[in-house]
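Residues per chain, in single letters:
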Amino acid sequence: MSDSTSSVQETERVALADVSIFPATRAQIVESRRRSYEAWGRGMTLEEYLARDAVMDGHEVARDGKLVTWVLARRDDPKSLDFFCSIETFKREGFVVDAGAEKGREVACYGLASLFTAPRHRKKGYGTHLMRMVHWVLAPAEWLPEFPREVWGAPPDRAGSGWADAEQVLEGHGGDAAFSTLYSDVGPEIYRACGVVPGAEGWVVTEPVSSGWRVDEVGGEEEEGWEWLDLQGVGECWKADAELMKREMEEMGGGVCACLPDKGVGEFQVIRRLGLADKLGIVHWGVRRGDAYASWTVEEQNGAPVLLVTRLRAGREDIGKLARVVAGHGGRHGIKDVEVWGLREQFAGFVRTWVREDHLSSIKSYSGDLRWVFNEK
């Protein structure tokens, strides 16, 4: 990089003390989605992309203040459409078993998504700073250290004039996170460097392991006795499974946490991909027999559809049969590959397993040292 280029970028960069995090206005939310369309539109028109997200705003996983879009903007112009970057935070129900504890506790946790910096504002540290600010709106006040005013200015102020007339529901969103999670597509180090103060550790990559099988490798034949599930059916499985997950976590020895799949979380993964699913003719989103079940969504990878398993529960005696049933379902809809994240170690020898280079599962705990388990899509 030449000195002249560096000088231009340095001159245009706004001091971090002059910017802060703000809840986006409705116009800023639309603008943030217009910006991200080129990167994440996945074959949709802009109108389809905006319409899909507008529908998702009314979904159980987002409504009533569970989803908040934040922007990093100038303190003196927080509602400007020329904000620097944006991010979404989803409030979810989680479960924590603290180190040394025998019983777990239900907690609030947050999933972070869709960090996007406008191209003209990149390479200036704005995205990193927005991620640092997120800690200050999600984490409990008693966990937070002293805010570094000398370099970042005043801390975010929920009672301040920039937040008093917020156009999103903020009540109950933030200030109570036991932990937060994200999936990094930019490697392990960038989000790790986004700590609550300069030099502190942010989100740490944990077990970004995928397993999968090709439909033609496992035969894909359909087994008798399996029940095909629509969204209501898999919703019943997710609800029951959340309780089983809690009990299993209490048997793990403590120091573990998980995001729970029910109350719209698993369904959200399906609804966001209905456009692709409709093209493939998919109407079933899970299968079960007895205590064994799997749920899935579909994604496009390298131009081809992939069946991505979102939850799987099976004993050693059932995993092979379940894999063949899932593969058979994919094969009937023109899908050649099945993938599952965070497959339990005892099943790993049955399928091909690899460490992902993208979608790196990452966690920041505000409740001591916690290991993220049931780390799935």
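Structure shown above.
Overview of the structure. These figures come from a predicted structure and were not determined experimentally.

Further remarks concern the overall build of the protein. If you tally the helices and strands in the protein, you get 12 helices and 16 strands. The dimensions of the protein, computed from C-alpha atoms along their principal axes, are 65 × 50 × 40 Å. Counting all 377 residues of the protein, 51% fall into the buried class. Considering only contacts in the protein between residues 6 or more positions apart, those separated by 24 or more positions represent 73%. Of the roughly 17,600 Å² of accessible surface on the protein, a fraction of 48% belongs to carbon and sulfur atoms. A distance of 1 Å separates the average location of the 47 positive side-chain charges in the protein from that of its 61 negative side-chain charges.

Let us look at the pattern of salt bridges. Think of it this way: side chains of opposite charge can pair up when their charged atoms draw near. In this structure the tally under the stated criterion is 26 salt bridges. Here the residues in one salt-bridge network are Arg33, Arg52, Asp53, Asp57 and Arg272, joined through shared partners.

The next point concerns the nonpolar core. Of all hydrophobic cores here, the largest spans 40 residues; its most connected members are Ile21, Trp70, Leu112, Met131 and Trp203. Those elements that place two or more of their residues in this core are strand 1 (19-23), strand 2 (67-74), strand 3 (85-97), strand 4 (105-117), helix 4 (126-138) and strand 5 (177-184). Core analysis: the next-biggest nonpolar cluster, separate from the first, contains 35 residues, Cys237, Val287, Ala292 and Val351 among them.

The next point concerns helix 12 (residues 316-332). With 17 residues, helix 12 should reach 24 Å at 1.5 Å per residue; the first-to-last C-alpha distance of 26 Å fits that figure. Of all the residues in helix 12, the buried ones are Asp318, Ile319, Gly320, Leu322, Ala323, Val325, Val326, Ala327, Gly328, His329 and Gly330. Immediately beyond the C-terminal end of helix 12, within one or two residues, lies Gly334, with a positive phi of roughly 80°.

Glancing now at the sheet that holds strand 8 (residues 227-229). Hydrogen bonds between backbone atoms are what pair the strands of a sheet, whose relative direction is either parallel or antiparallel. One open sheet holds the 7 strands; their spatial order is 8-10-11-12-13-7-14, and the pairing between them is mixed. Only two strands of the sheet have a single neighbouring strand rather than two, namely strand 8 and strand 14 (352-355). Averaged over all neighbouring strand pairs, the angle between strand axes comes to 30°, with direction disregarded. Of the pairings in the sheet, the one linking strand 12 (residues 304-313) to strand 13 (residues 337-341) comprises 4 bridges and is parallel in character. What sits directly across from Leu307, in strand 13, is Val338. Set on the sheet, helix 9 (residues 231-250) makes contact with strand 8, strand 10 (286-289), strand 11 (292-301) and strand 12; between it and strand 12 the angle comes to about 50°.

Here we come to the packing of aromatic side chains. Evaluated as defined, the whole model comprises 11 aromatic pairs. Between the aromatic rings of Phe147 and Trp152, the centroid separation amounts to 5.7 Å while the plane-to-plane angle is 65°, which identifies the pairing as edge-to-face. Residue Phe147 is classed as buried on the basis of its relative accessible area of 7%. By relative accessible area, which is 2% here, Trp152 ends up buried. When the centroid spacing of 6.4 Å and the interplanar angle of 65° are considered together, the rings of Trp228 and Trp296 count as edge-to-face.

This part takes up unusual backbone geometry. A positive phi is found at Lys263, a non-glycine position, where the angle reads about 55°. Summarising the element assignment, Lys263 is placed in the loop between strand 9 (256-259) and helix 10 (265-271). Residue classification places Lys263 among the partly exposed residues on the basis of a relative accessible area of 46%. Phi angles above zero are rare outside glycine, and Asn302 is one such case at about 55°. Looking at where Asn302 falls in the secondary structure, it is placed in the loop between strand 11 and strand 12.

Basis of the calculations
- Residues numbered from 1 in each chain as written.
- Predicted model: local features only at pLDDT ≥ 70, side-chain atom pairs only at ≥ 80, totals over all residues.
- Heavy atoms only, no water.
- Helix = DSSP H or I, 4+ residues; strand = E, 2+ residues; numbered from the N terminus.
- Buried < 20%, exposed > 50% of the residue type's maximum accessible area, 1.4 Å probe, protein only.
- Contact = heavy atoms within 4.5 Å.
- Areas by Shrake-Rupley, 256 points an atom, 1.4 Å probe, with all protein chains shown as cover.
- Lys, Arg positive; Asp, Glu negative; His and termini not counted.
- Charge placed at Lys NZ, Arg CZ, Asp CG, Glu CD.
- Salt bridge = Lys/Arg side-chain N within 4 Å of Asp/Glu carboxyl O.
- Core = buried A, V, L, I, M, F, W, Y, C linked by side-chain atoms within 4.5 Å.
- Expected span 1.5 Å × (residues − 1).
- Pairing = 2+ DSSP bridges.
- Axes fitted to C-alpha atoms, helices over the stretch in contact; angles between N-to-C directions.
- Phe/Tyr/Trp six-rings, centres within 6.5 Å; stacked < 30°, edge-to-face > 60°.

Just geometry here; none of it tells us what the structure is for.
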